[in-house]
Amino acid sequence: MLKISNNNRFIVECTGRPFFYLADTAWELFHRLDREESNFYLANRAAKGFNAIQAVALAELNGLNAPNRYGDCPLLENDPTQPNEKYWQHVDYVVHKANELGMYITMLPTWGDKYNKLWGIGPEVFTSKNARVYGQWIAQRYAKCDIIWMLGGDRPLLPKHLSIIRAMAEGIRSSVGDTQLFTFHPHGGEASSTYVGAEGWLDFNTIQSGHVRDCENYRSIAVDYRRLPLRPVIDAEPGYENHPNSFNPEKGWLDHHDIRRSLYWSVFAGACGYTYGCNDIWQMRTNRFPPVGWARSNWKDSLDLPGAGQVQHCRAMMEARPYLTRIPDVAEFGRTSVVLSDLGTGADRICSTRDSESTYAMVYIPSGQRVTIDMTCVAGPKVAASWFNPRSGESHSIGLFDPIGRMEFDPPATDHTGRDWVLTIDAPTIG
């Protein structure tokens, strides 16, 4: 099973092996896909290097009263203490299939409208009392599975809502103890630490940076990275590929460049992973259902959008280097210790990360800018510099250099090759 690293910055396996959390967003997976479709979806995601799938047991889109593909609703009489066994047998199948393919299910026990119908369909069915019973039951059912628990579900919490979440968490803990990790999915533009940062059951923080182009998620990650108590942090809902920018199609649609930028910004700022999303896939959009949020494609047609296949390259790059000693090289303003030139603003913001043991440094350059690097950032008689292509995962050597002084690097950025690149500087044993 998974646990938090000793330095409270990362997720690791029980053996201590690093676990770079790379999730896909499939909120309606249990609710809208049949078993054959689930197999197809999960196989595609496993092949793309995802190791977690975020899905909701009591789904957002009328998940209590609109039956699944087999005609079953999750609860009898909308009572959280009366689960419908037939519905949960299908959930069992999908969870086990994901686990067989090497992926965790990041399970939301319920979407937020079932305890706080600020918007959405609801209905509100949870109280503190039945939330604990439901939490204990669902956790006992999946206690032996590869599960990460994600409470919340895109709603702010008033005290009465927090009491429900706390009771649900206590119920889950009573069934699984410390064998499974817990986190929280916050409202858009906010962080889990805002609502549940003081809760003892929380293992790692998340933010929801939201569906806005050039949202500076590195700032929110940096805030949570410094927050006490120390916990790992992840952007668990950044902008989705094929989603209208700021929920307005007239402002354009988020694409793979937007995905890469939010990915590298957040990871280099200290995040221990990343969650990809696609507007068509989270809702499992087909002609059978009305589109939500201007979804414009069938979910199967969107499985192979470029961003979905490119996020795995960041995971591979991180896992190829010393993992547990990586630190952010981020300053709120001005230069960092690695980058001596201007960091830029907005969509052009440069972000960097490095090893606290000085074996490597990496710089994400979103817009093809030249950068000036402090070559003493990596120790050794020589250092190896390379250009890493975040679209393909390929690395192209620039050469070996003396680790002294400063040096300017000009990325191979063109409209044809792509504007964003990662500069890697490694001790020769790494490069």
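Going by the structure above, here's the rest.
The structure displayed is predicted, hence computed values, not measured ones.

Draft legend 1. The arrangement of the layout of surface pockets in detail. Taken as a whole, the largest pocket holds about 380 Å³ of empty space. Class assignment for the residues of the lining of the largest pocket results in 10 nonpolar, eight polar and three charged. Roughly 210 Å³ of volume is contained in the second largest pocket. In this structure, the second largest pocket is lined by 16 residues; those nearest its centre are E13, R17, F19, N51 and R315. Across the lining of the second largest pocket, the residue classes break down as nine nonpolar, three polar and four charged.

Draft legend 2. Here's a closer look at the side chain of N99. Within the element layout of this structure, N99 appears in helix α3 (residues 85–100). Not counting chain neighbours up to four residues away, the residues in contact with N99 comprise Y104, I105, C145 and D146.

Draft legend 3. Inspection of the pattern of salt bridges at higher detail. Enumeration according to the criterion identifies 25 salt bridges in this entry. A salt bridge links R32 to E28; its shortest N-O distance comes to 3.9 Å. Note on accessibility: R32 and E28 belong to one class, buried. With its nearest N and O atoms 3.0 Å apart, the salt bridge here joins E319 to R315.

Draft legend 4. Local environment of the pairing of strand β18 (residues 421–426). Judged by how many residues are buried, β18 sits mostly within the fold: six of six residues are covered. Judged by which residues are buried, β18 turns out to be covered on both faces: W421, L423 and I425 on one side and V422, T424 and D426 on the other are all buried. Relative to β18, strand β13 (residues 360–365) is paired through six bridges, and the arrangement is antiparallel. Residue pairing in the sheet places Y364 in a bridge with V422 of β18.

Draft legend 5. Expanded view of α3. Taking 1.5 Å per residue, 16 residues should reach 22 Å; α3 reaches 22 Å between its end C-alpha atoms and fits that length. Along α3, the residues classified as buried are Y87, W88, H90, V91, D92, V94, V95, A98 and N99. Taken together, the buried residues of α3 touch α1 (29–32), α2 (35–47), β5 (104–108), α4 (128–141) and β6 (147–152). Where α3 terminates, the next one or two residues include G102, which has phi positive at roughly 85 degrees.

Draft legend 6. A look at the environment of V196. The topology assignment puts V196 in helix α6 (residues 192–196). Assessed through its relative accessible area of 0%, V196 is described here as buried. Along the chain, V196 and I259 lie 63 residues apart, while their C-alpha atoms are 27 Å from each other. Sequence-distant contacts of V196, that is, excluding residues within four places in its chain, are made with L157, L162, F184, W201 and L202.

So, how was this worked out
- Residues numbered from 1 in each chain as written.
- Predicted model: local features only at pLDDT ≥ 70, side-chain atom pairs only at ≥ 80, totals over all residues.
- Heavy atoms only, no water.
- 1 Å grid on protein atoms, 1.4 Å probe; cavity = no way out; pocket = protein on both sides within 12 Å on 5 of 7 lines; lining within 4 Å.
- Points joined across faces, edges and corners; volume = space filled by probe spheres on them.
- Nonpolar A, V, L, I, M, F, W, Y, C, P; charged D, E, K, R; others polar.
- Helix = DSSP H or I, 4+ residues; strand = E, 2+ residues; numbered from the N terminus.
- Contact = heavy atoms within 4.5 Å.
- Salt bridge = Lys/Arg side-chain N within 4 Å of Asp/Glu carboxyl O.
- Buried < 20%, exposed > 50% of the residue type's maximum accessible area, 1.4 Å probe, protein only.
- Pairing = 2+ DSSP bridges.
- Expected span 1.5 Å × (residues − 1).

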